[in-house]
Amino acid sequence: QKEVEQNSGPLSVPEGAIASLNCTYSDRGSQSFFWYRQYSGKSPELIMSIYSNGDKEDGRFTAQLNKASQYVSLLIRDSQPSDSATYLCAVVSGNTPLVFGKGTRLSVIA
Amino acid sequence: ETGVTQTPRHLVMGMTNKKSLKCEQHLGHNAMYWYKQSAKKPLELMFVYNFKEQTENNSVPSRFSPECPNSSHLFLHLHTLQPEDSALYLCASSHSRGTYEQYFGPGTRLTVT
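Residues numbered from 1 in each chain as written. Chains lettered and ligands numbered in written order. Predicted model: local features only at pLDDT ≥ 70, side-chain atom pairs only at ≥ 80, totals over all residues. Heavy atoms only, no water.

Draft legend 1. Main features of the overall build of chain B. Of the regular secondary structure elements, chain B holds 0 helices and 11 strands. Traced from its N-terminal end to its C-terminal end, chain B shows the element sequence β-β-β-β-β-β-β-β-β-β-β. Taking the principal axes of its C-alpha atoms as reference, chain B extends roughly 35 × 30 × 30 Å. Nonlocal contacts in chain B, meaning residues at least 24 apart in sequence, comprise 55% of its contacts between residues at least 6 apart. Surface exposure of chain B reaches about 5400 Å², of which carbon and sulfur atoms provide 50%. Of the side-chain charges in chain B, 11 are positive and 9 negative, and the distance between the mean point of each set is 7 Å. (Helix = DSSP H or I, 4+ residues; strand = E, 2+ residues; numbered from the N terminus. Contact = heavy atoms within 4.5 Å. Areas by Shrake-Rupley, 256 points an atom, 1.4 Å probe, with all protein chains shown as cover. Lys, Arg positive; Asp, Glu negative; His and termini not counted. Charge placed at Lys NZ, Arg CZ, Asp CG, Glu CD.)

Draft legend 2. Quick peek at the interface of chain A and chain B. Contacts between the two partners involve 20 residues from chain A and, on the opposite side, 19 residues from chain B. Between chain A and chain B, a total of about 1500 Å² is buried, with carbon and sulfur atoms accounting for 59% of that surface. Across the chain A-chain B interface, the total number found is 5 residue pairs in polar contact (both at pLDDT 80 or more). Counting only elements with at least two residues in the side of chain A that touches chain B, the list comes to strand E4 (30–38), strand E5 (45–50) and strand E9 (85–93) of chain A. Per-element tally for the side of chain A that touches chain B: the top contributor is E4(A), with 4 residues. Across the side of chain A that touches chain B, the residue classes tally to 10 nonpolar, 8 polar and 2 charged. (Buried area = accessible area lost by both parts, 1.4 Å probe. Polar contact = N/O pair within 3.5 Å; in protein donor to acceptor, adjacent residues only side chain to side chain. Nonpolar A, V, L, I, M, F, W, Y, C, P; charged D, E, K, R; others polar.)

Draft legend 3. Structural context of the environment of Ser93(B). All names here are of chain B. Residue placement: Ser 93 occurs in strand E9 (residues 87–94). The sequence separation of Ser 93 and Tyr 33 amounts to 60 residues, and the corresponding C-alpha distance is 6.1 Å. In terms of polar contacts, Ser 93 uses its side chain to reach the side chain of His 29, at 2.8 Å.

Draft legend 4. Examining the nonpolar core more closely. Counting 23 residues, the largest nonpolar core has Trp35(A), Val72(A), Leu74(A), Ile76(A) and Tyr87(A) as the members making the most contacts within it. In this structure Val72(A) touches Leu21(A), Asn22(A), Cys23(A), Phe33(A), Trp35(A), Ile50(A), Gln64(A), Leu65(A) and Cys89(A), once residues within four positions along its chain are discounted. Grouped together as the second largest cluster of nonpolar side chains are 22 residues, Cys68(B), Leu81(B), Ala87(B) and Tyr89(B) included. (Core = buried A, V, L, I, M, F, W, Y, C linked by side-chain atoms within 4.5 Å. Buried < 20%, exposed > 50% of the residue type's maximum accessible area, 1.4 Å probe, protein only.)

Draft legend 5. Region of interest: the side chain of His29(B). Residue and element names in this part refer to chain B. Mapped onto the elements of the fold, His 29 is located in the loop between strand E3 (18–25) and strand E4 (31–37). From its side chain, His 29 meets the backbone nitrogen of Ser 94 in a polar contact 3.4 Å long. Ignoring anything within four residues of it in the chain, the contact list for His 29 reads Ser 71, Ser 93, Ser 94, His 95 and Tyr 103.

Draft legend 6. Examining the packing of aromatic side chains more closely. For the coordinates displayed, the defined rule picks out 9 aromatic pairs over all chains. Relative to Tyr35(B), the ring of Phe100(A) lies with its centre 5.7 Å away and its plane at 90°, an arrangement referred to as edge-to-face. With one member in each of two chains, Phe100(A) in strand E10 (residues 99–100) and Tyr35(B) in strand E4 form a pair that bridges those chains. Taking the relative accessible area as the measure of exposure, Phe100(A) reaches 4% and is therefore buried. A relative accessible area of 0% means that Tyr35(B) is categorised as buried. Grouping aromatic residues by their ring pairs yields a cluster made of Tyr36(A), Phe100(A), Tyr33(B), Tyr35(B) and Phe104(B). If you follow Arg60(A) out to its NZ or CZ, it ends over the ring of Phe61(A), 5.7 Å from the centre. (Phe/Tyr/Trp six-rings, centres within 6.5 Å; stacked < 30°, edge-to-face > 60°. Lys NZ or Arg CZ within 6 Å of the ring centre and 35° of its normal.)

Draft legend 7. Spotlight on the sheet that holds E3(B). Residues and elements named next belong to chain B. Strand order in the open sheet made by the 4 strands is E1-E3-E8-E7, with antiparallel pairing throughout. On the outer flanks of this sheet lie strand E1 (4–7) and strand E7 (64–70), each paired with one strand and no other. Each neighbouring strand pair of the sheet contributes to a mean axis angle of 20°, computed without reference to strand direction. Where E7 lies against strand E8 (residues 73–79), 5 bridges are found, and the strand directions are antiparallel. Each residue of the ladder has a partner; that of Ser 65, found in E8, is His 77. (Pairing = 2+ DSSP bridges. Axes fitted to C-alpha atoms, helices over the stretch in contact; angles between N-to-C directions.)

Draft legend 8. Representation of the pattern of salt bridges. Residues and elements named next belong to chain A. Counted by the stated rule, this structure contains 4 salt bridges over all chains. Ionic pairing is found between Glu 45 and Arg 37, a salt bridge with its closest N-O pair at 2.9 Å. Residue classification places Glu 45 among the partly exposed residues on the basis of a relative accessible area of 37%. (Salt bridge = Lys/Arg side-chain N within 4 Å of Asp/Glu carboxyl O.)

Read these as geometric descriptors, not functional statements.
This is how it looks when you write it as C-alpha cells:
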C-alpha cells in the first residue's frame, strides 16, 4: 500500500513569515510529486510539481525534494492570509495514478 | 466555459433514488478521473478513463457506475446509495493517463438521506 503522510495541522504562521509544509512517502520508487492547494469548500488546485532532487521555485513557492529521505516539502515565503488553505501532497509511483496525503491545514494570521 | 465543469454542484438524494453526476472538460485532455473526498480522509481515486477506456476501478461498489462517452465527458451514475456515500465527488482530467498533472472540477457535494 503506497502511502503519503502529512501532518494535518493546523499550522499557524504570522503574516509575512515562511510557512513550511512537509510530506513523506512510502514508495522509494516514486518519481513525480505535486502540491495542491484546496480552499475550504473548493476543489484542489495544482500549484507546484517537482520531479528531481533539489529545489524548484515559482514566485513565493519553493518545492524541495529529497528522494533519499523520501521527503518533499513546500515553502511559502511572505505568507499572506489568502494562503490560508489545506495543502495536499500527491505522489506518483510506477504506473499508478496520484496518491494523495490527507493534507495540512495552513492558517496565516494577519 | 473553461477548465473542468461539474453539475450539479449540490445534490441531496434518498437511498432509493437514481441520479447522475456530470463532468465536462474543455482542456483537450484524454484522461478523466472520479475522486471521492470525505471529511478527514485523503482523496480516494474511484475510476480512471484514458481515451474513453476505463483503466482503473479501485474496488468501488457497484452502486457507482461510471460512463465515458467521449474524452470530454464523464458521468457517474448513482443508485441505492448509503448515507456513508455522502461526500464531495471530484472530477479531474489530465493530458493522458501517463501525464500526472491533473486539473480538478469544482466538485459535487452529495448528501444521501
